[in-house]
Amino acid sequence: ALVDAALAAGRPGQAWTVARQGVVRVAADAVRRPGRARHGTIRALADALAGDPRTRGRFVADHPVAGRAGAPVAAALIAPRERIAIELDTWHHFFDPDGYRHDRAQDARLARAGHLVLRFTPEDVDARLPSTIDQLALALACRRAARTTP
């Protein structure tokens, strides 16, 4: 009922945050209510990054990264030069143990390839986009500074 009330109030991000935090239980087979799909959320984030002068031209979608074992590794968005990988965690990432383990293994592969992995939720894109862009701009600046430090 709490999730339904938040969804009815036009705050789907809040509803899933409450569920993710364990305030309410959501069945493992629950389906997210209609709204922007994961791909649309990634596209919205990519468009916002392209529109900000601090991040413009830095991130590409589905860019393969050469893994240590030779198999390519992909992330939702990659800043190839700064080696930053962005992943988007939808609600099922928090309720599916196999999916969670897969994500951690993916993080480890990207880290072994020298990438900083940053994970965001759809709520970060939908409700806190300016803050999310600020975090990514800061990560880019830090990675660039680390490259130029002797």
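The structure this text deals with has already been given above.
Figured I'd write up the structure that's included with this text. Model, not experiment: these values are computed from the prediction.

Our next topic: helix α4 (residues 97-112). Since one α-helical turn is 3.6 residues long, residues separated by three or four positions face the same way. Here α4 spans 23 Å end to end across 16 residues, near enough to the 22 Å set by a 1.5 Å rise per residue. For α4, every residue scored as buried is listed here: Gly99, Asp103, Gln106, Asp107 and Leu110. End-on, the buried residues of α4 take up no more than an arc of 100 degrees, which puts them together on one face. Residues of α4 that are exposed and point over 90 degrees away from its buried face: Asp98 and Arg101. Against β2 (65-66), β3 (72-73), β4 (77-79), β5 (84-88) and β6 (116-120) lie the buried residues of α4. Gly114 sits one or two residues past α4 and shows a positive phi near 90 degrees.

Now for the packing of aromatic side chains. For the coordinates displayed, the defined rule picks out 0 aromatic pairs. Directly above the ring of Tyr100 sits Arg104, whose terminal nitrogen or CZ lies 4.3 Å from the centroid.

The next subject is the pairing of β5. Burial of β5 is extensive: 5 of the 5 residues sit out of reach of the surface. Every second residue of β5 is oriented toward a common face, with Ile84, Ile86 and Leu88 on one face and Ala85 and Glu87 on the other, all of them buried. With 3 bridges connecting them, β4 and β5 associate as antiparallel partners. By the bridge assignment, Ile78 is partnered in β5 with Ala85. Remark: 4 residues form the turn of the hairpin made by β4 and β5, two consecutive strands paired antiparallel; Arg83 in that turn has positive phi of roughly 60 degrees. Pairing between β5 and β6: 5 bridges, direction parallel. Looking at β6, one finds that Ile86 is bridged to Leu118.

What follows concerns the pattern of salt bridges. In the structure shown here, the tally under the stated rule is 10 salt bridges. With a shortest N-O distance of 3.7 Å, Glu82 and Arg144 are connected by a salt bridge. Note that Glu82 is positioned in the loop between β4 and β5 and Arg144 in helix α6 (residues 129-148), a separation of 62 residues in sequence. With relative accessibility at 3%, the residue Glu82 sits in the buried group. Judged by its relative accessible area of 25%, Arg144 is partly exposed. The residue Asp107 makes a salt bridge to Arg119 at a minimum N-O spacing of 2.9 Å. With Asp107 in helix α4 and Arg119 in strand β6, the pair connects residues that are 12 residues apart, well separated along the chain. Using a relative accessible area of 17% as the deciding quantity, one classes Asp107 as buried. The exposure class assigned to Arg119 is partly exposed, which follows from its relative accessible area of 21%.

The rules behind the values
- Residues numbered from 1 in each chain as written.
- Predicted model: local features only at pLDDT ≥ 70, side-chain atom pairs only at ≥ 80, totals over all residues.
- Heavy atoms only, no water.
- Helix = DSSP H or I, 4+ residues; strand = E, 2+ residues; numbered from the N terminus.
- Expected span 1.5 Å × (residues − 1).
- Buried < 20%, exposed > 50% of the residue type's maximum accessible area, 1.4 Å probe, protein only.
- Arc of directions from axis to C-beta.
- Contact = heavy atoms within 4.5 Å.
- Phe/Tyr/Trp six-rings, centres within 6.5 Å; stacked < 30°, edge-to-face > 60°.
- Lys NZ or Arg CZ within 6 Å of the ring centre and 35° of its normal.
- Pairing = 2+ DSSP bridges.
- Salt bridge = Lys/Arg side-chain N within 4 Å of Asp/Glu carboxyl O.

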